[in-house]
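Below, each chain spelled out in residue letters.
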Amino acid sequence: MGSLSFSFSFSCETETLNHTPHLSAAELSRFFSPFLICLSDNNKQFVIEIMSDSRPHTFSIKLWPPSLPTRQSLIERITNNLSSKSIFTDKYGTLTVDQAVENAKRIEDVAFSTANQQFEREPDGDGASAVQLYAKQCSKLILELLKKGPVATKRETLSEKESSPRETVFDISQGKRAFIEDKEAEELLEPLKESGNGYTKICFSNRSFGFGAARVAEPILASLKHQLKVVDLSDFVAGRPEAEALEVMNIFSDALQGSVLSSLNLSDNALGEKGVRAFGTLLKSLSSLEELYLMNDGISKEAAQAVSELIPSTEKLRFLHFHNNMTGDEGAVAISEVVKRSPLLESFRCSSTRVGSDGGIALSEALECCAHMKKLDLRDNMFGTEAGVSLGKTLSSYKHLTELYLSYLNLEDEGAIAIADALKESASPIEVLEMAGNDITVEAVEAIAACVAAKRDLNKLNLSENELKDEGCVKIAKSVGDDHSKLQYVDLSNNYIRRAGAVALSGVVIKKEGFKLLNIDGNIISEEGVEEVREIFKKKPELLGDLEENDPDGEEGDDEEEEEDEEDDELGSKLKNLEVNEDD
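The residue numbers shown here count from 1 along each chain, following its written sequence. Note on the predicted model: pLDDT of at least 70 is required for a residue's local features to be given, and 80 or more for side-chain atom pairs to be given and counted; whole-chain, interface and lining totals, by contrast, use all residues. Based on all heavy atoms of the structure, the side-chain values leave hydrogens and waters out of the count.

Novice: Which residues make up the overall build of the chain, and what are the values?
Specialist: Helix and strand assignments follow DSSP, with helices taken as H or I runs no shorter than four residues and strands as E runs no shorter than two, numbered in order from the N terminus. On a plain count of helices and strands, the chain comes out with 21 helices and 18 strands. Burial classes: relative accessible area under 20% of the type maximum marks a residue as buried, over 50% as exposed, and values in between as partly exposed (1.4 Å probe, protein chains only). Within the chain, buried positions represent 51% of all 584 residues. Working definition of accessibility: Shrake-Rupley area with a 1.4 Å probe, residue cover restricted to the visible protein chains. Surface exposure of the chain reaches about 26700 Å², of which carbon and sulfur atoms provide 46%.

Dropping the structure here:
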């Protein structure tokens, strides 16, 4: 590559220095000596020449960002220029050393912040434009400061508005849900028109944009698209006729095309396939997307196929959320293709999407490509045992998974055992495990208890709405013993648990220092058992959830009372190590 070098002194434009036409280039150079910059494209470094005498002294640093010593050197030079005799201080007055130091720090900080934002917008560039902007901003702010007053004793410091961090979030979602038209849009979006604003995140949620409002927003968004990182357009066309809503989506899509978004939220818009394709121009242009939210959007199989087709670049995708859609098996197959192309995926949510066994297997196999997964939420689908077994194979390879939500998947014992065995052998530091409503019986408890015992980072365990009964409850109680100091929430409600299981579990969790809530409501604990449990929690009653739905005469309690007594006796040996010392 051939070499490229240039130098510049900034803010020396005619309009900036129109009050000093008599100054020579040499005089300007002496004042702005910190900002004479030479760039070399060969070694990707830049050299700042400090011309304090006739011989330039050079030092090399990375192109961007400048090192702390370099920034400090610049602050010192600015301080000297503001407090020493020079062509500019002769004309406008000098600052005291203390004033100069304070303002030099603020000037450099504002200039650095502005330039750094420029650099973030061009992550693949060499930083040359950021360096130039850094220099120009310093020069501009110095001259503005000097022109504010003629003498040092009356010198004003840089305004708080300039020195304080700029707003980065623009949010109009607060307040009641409302329609907005063109006039209100002009008023609401006025701050986005301000030159040099620092907004990188906008949220238009909870405001329904009509055609006129969208036209007002269009040029504003187009002017900001190279600085915006996060765009939230959830619930932004609510109540609009389909034709108008689709036109609004097209307008926003075109305005933001080619943006550098890292996060896009299009949830709660009843998109369907037409809506997804209305955003096609934008979706196709996103090459740095890290987060995509399409929740409650009517994502059918056709819409899911459109998503897979229109998002060609998912290499950087970390969050993908599809909660509450009507995706179905065929849609899940389409989404699985997106998952396969997303090796950095950390959080995947495909809950309440009507996915059955075939779709569940397709998703499970695709998830094998996501070794960085931390949070997986597949709740409220119809996977069944076969998909559960397939998912188990995937989970066994994970090393970073911390949250796993698998409630209401019809896993049954076979699927639950496969998943529990896989988790037990995996290196994942599970903190949240939810497997409620899966028709799990005592047959699977051994595997689940072993899994729970191995996961000592566990914070929340939810096995509600299964059929664990007393025997299962006791085994779970043993599995969360002294080694589980981080455990705070346990939910075993609606599990046909009697007195023995309830007392056993209560006796274990009450001893945990940071424990917060035990839910064992909806079981069949005898009145005497309830009293025993309340006695265990008498010093900390807030740790025990309500027992209003407990039914001591419930389905499992229709047998003779002596049968319950026999069952309690049978479990007696299992409870020996779980007795509670009420004096603790």
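Next comes the rest of the write-up.
Novice: Summarise the packing of helix H13 (residues 328-340) against helix H14 (residues 357-366); cite the residues concerned and give the values.
Specialist: As a packed pair, H13 and H14 sit with axes 8 Å apart at the nearest point and diverge in direction by 5°. One way to sum up the angle between H13 and H14 is to call them roughly parallel. Of the residues in H14, those in contact with Asp329, Ala332, Val333, Ile335, Ser336, Val339 and Lys340 of H13 are Ser357, Asp358, Gly359, Ala362, Leu363 and Ala366. Helix axes are fitted to C-alpha atoms over the stretch in contact, other axes to C-alpha atoms as well, and angles between N-to-C directions run from 0 to 180 degrees. By the definition adopted for this analysis, an angle is roughly parallel if under 35 degrees, roughly antiparallel if over 145, roughly perpendicular if from 65 to 115, and oblique otherwise. Contacts were defined at the residue level, with two residues in contact if any of their heavy atoms lie within 4.5 Å.

Novice: Please provide a residue-by-residue account of the packing of helix H16 (residues 412-425) against helix H17 (residues 442-454), values included.
Specialist: Where H16 contacts H17, the two axes come as close as 8 Å, and the packing angle between them is 20°. Accordingly, the angle class assigned to the pair H16 and H17 is roughly parallel. Note on packing geometry: the crossing formed by H16 with H17 is left-handed. Facing Asp413, Ala416, Ile417, Ala420, Asp421, Leu423 and Lys424 of H16, the residues of H17 in contact are Glu443, Ala444, Ala447, Ile448, Ala450, Cys451 and Ala454. Note: crossing handedness is left-handed where the near helix turns anticlockwise from the far helix by less than a right angle, and right-handed where it turns clockwise.

Novice: I'd like to hear about the environment of Pro312, residue by residue, with values.
Specialist: Mapped onto the secondary structure, Pro312 falls in the loop between helix H12 (301-310) and strand E11 (319-321). Of the residues examined, Pro312 reaches a relative accessible area of 47% and is grouped as partly exposed. Expressed as a C-alpha distance, the spacing of Pro312 and Lys284, which sit 28 residues apart in the sequence, is 6.5 Å.

Novice: I'd like a description of the packing of aromatic side chains, backed by residues and values.
Specialist: For this analysis, a ring pair means two rings from Phe, Tyr or Trp (six-membered ring only for Trp) whose centres lie within 6.5 Å, classed as stacked if their planes differ by under 30 degrees, edge-to-face if by over 60, and tilted for the remaining angles. One pass over the structure, following the stated rule, counts nine aromatic pairs. Between Phe209 and Phe236 the ring centres are 6.2 Å apart and the planes differ by 50°, which places this aromatic pair in the tilted class. Taken together, the positions of Phe209 in strand E7 (residues 207-209) and Phe236 in the loop between strand E8 (230-232) and helix H9 (242-256) put the pair 27 residues apart, joining distant regions of the chain. Note on Phe236: relative accessible area 0%, which makes it buried. The aromatic ring of Phe112 is capped on one face by Arg71, whose charged end is 3.6 Å from the ring centroid. Two conditions define a charge sitting above a ring: the NZ of Lys or the CZ of Arg must be within 6 Å of the ring centre, and it must be within 35 degrees of the ring normal.

Novice: So what's going on with unusual backbone geometry? Which residues, and what values?
Specialist: Backbone geometry places Asn206, a non-glycine residue, at a positive phi of 75°. You can see Asn206 is positioned in the loop between strand E6 (201-203) and E7. Among the residues examined, Asn206 registers a relative accessible area of 17% and is labelled buried. Positive phi outside glycine occurs at Tyr496, with the angle close to 60°. Structurally, Tyr496 is set in the loop between strand E17 (489-491) and helix H19 (499-509). Residue Tyr496 is classed as partly exposed on the basis of its relative accessible area of 28%.

Novice: Let's hear about H12: which residues, and what values?
Specialist: Within H12, burial applies to Ala303, Ala304, Ala306, Val307, Ser308 and Leu310. Where the residues of H12 are buried, they touch helix H10 (272-278), helix H11 (280-285) and H13.

Novice: How would you summarise the pattern of salt bridges if you had to cite specific residues and measurements?
Specialist: Salt bridges are identified by distance alone: a Lys or Arg side-chain nitrogen within 4 Å of an Asp or Glu carboxyl oxygen. Evaluation of the coordinates by the stated rule reveals 28 salt bridges. Across the pair Arg240 and Glu244 runs a salt bridge whose closest N-O atoms are separated by 3.8 Å. Residue Glu244 is classed as partly exposed on the basis of its relative accessible area of 23%. Arg379 serves as the salt-bridge partner of Asp377, at 2.6 Å between the closest nitrogen and oxygen. The network of salt bridges with common partners includes Glu290, Glu291, Arg318, Glu346 and Lys374.

Novice: Any chance you could break down the nonpolar core for me, citing the residues and the numbers?
Specialist: Residue types Ala, Val, Leu, Ile, Met, Phe, Trp, Tyr and Cys, when buried and joined through side-chain atoms within 4.5 Å, form a set referred to as a nonpolar core. Core analysis: the largest hydrophobic core is formed by 127 residues, its most contacted members being Phe204, Phe252 and Phe348. Top element by residues in this core is H9. It accounts for eight residues. Among the nonpolar cores identified, the runner-up in size contains 21 residues, and Leu95, Ala111, Val131 and Leu146 belong to it.

Novice: Give me the lowdown on helix H20 (residues 527-536), citing residues and values where you can.
Specialist: Of the residues making up H20, those classed as buried are Gly529, Val530, Val533 and Ile536. Here the buried residues of H20 occupy an arc of 120° about the axis, which is enough to place them on one side. Summarising the geometry of H20, the exposed residues directed more than 90 degrees from the buried face are Glu527, Glu528 and Glu531. In this structure, the buried residues of H20 make contact with H19. The reported arc concerns the directions from the helix axis to the C-beta atoms and nothing else.

Novice: So what about the side chain of Glu108? Which residues, and what values?
Specialist: The residue Glu108 is located in helix H4 (residues 97-121) in this model. Ignoring sequence-local partners within four residues, the contact set of Glu108 consists of Arg71, Leu74, Ile75, Tyr134 and Cys138.

Novice: Give a detailed account of the confidence of the model for the chain, specifying residues and quantitative values.
Specialist: Each residue carries a pLDDT score, the predictor's confidence in it, ranging from 0 to 100. Per-residue pLDDT for the chain averages 83, and the proportion of residues at 70 or more is 78%. Note on residues 573-584: pLDDT is under 50 here. Beyond four places in sequence and across chains, it has 19 contacts.

Novice: Could you give me a rundown of a negative patch on the surface, with the residues and numbers involved?
Specialist: Negative charge collects at one region of the surface, where Asp358, Glu386, Glu412, Glu414, Asp439 and Glu467 lie side by side. Structurally, the position occupied by Glu386 is in helix H15 (residues 384-395). Patch definition: residues with relative accessible area over 30% and no salt bridge; like charges joined within 9 Å; nonpolar side chains (Val, Leu, Ile, Met, Phe, Trp, Tyr) joined within 5 Å. Charged-residue counts in this description rest on Lys and Arg as positive and Asp and Glu as negative, His and the chain ends being excluded. Taken as the charge location is NZ of Lys, CZ of Arg, CG of Asp or CD of Glu.

Novice: Explain the side chain of Arg71 to me, using residue names and the numbers behind them.
Specialist: Tracing the backbone shows Arg71 in helix H2 (residues 68-83). A residue is classified by how much of its surface remains accessible, and Arg71, at 15% relative accessible area, is buried. With sequence-adjacent residues up to four places away left out, Arg71 is seen in contact with Pro66, Glu108, Asp109, Phe112 and Tyr134.

Novice: Pulling in residues and values, what's your account of the environment of Asn459?
Specialist: Summarising the element assignment, Asn459 is placed in the loop between H17 and strand E16 (460-462). Given a relative accessible area of 21%, Asn459 falls into the partly exposed group. Between the C-alpha atoms of Asn459 and Val490, which are 31 residues apart in sequence, the distance is 8.6 Å. Polar contacts here mean pairs of N or O atoms no more than 3.5 Å apart (in protein, one a potential hydrogen donor and the other a potential acceptor; neighbouring residues in sequence count only if both atoms are side-chain atoms). At a separation of 3.3 Å, a polar atom in the side chain of Asn459 contacts the main-chain carbonyl oxygen of Lys486. Side chain to side chain, Asn459 and Gln488 meet in a polar contact 2.8 Å long.

Novice: Account for the environment of Lys374, with residues named and values stated.
Specialist: Secondary-structure assignment places Lys374 in the loop between H14 and strand E13 (375-377). Each C-alpha atom, one on Lys374 and one on Pro429, is 9.4 Å from the other, the two residues being 55 residues apart in sequence. In this structure Lys374 touches Glu346, His400, Leu401, Thr402 and Glu403, once residues within four positions along its chain are discounted.

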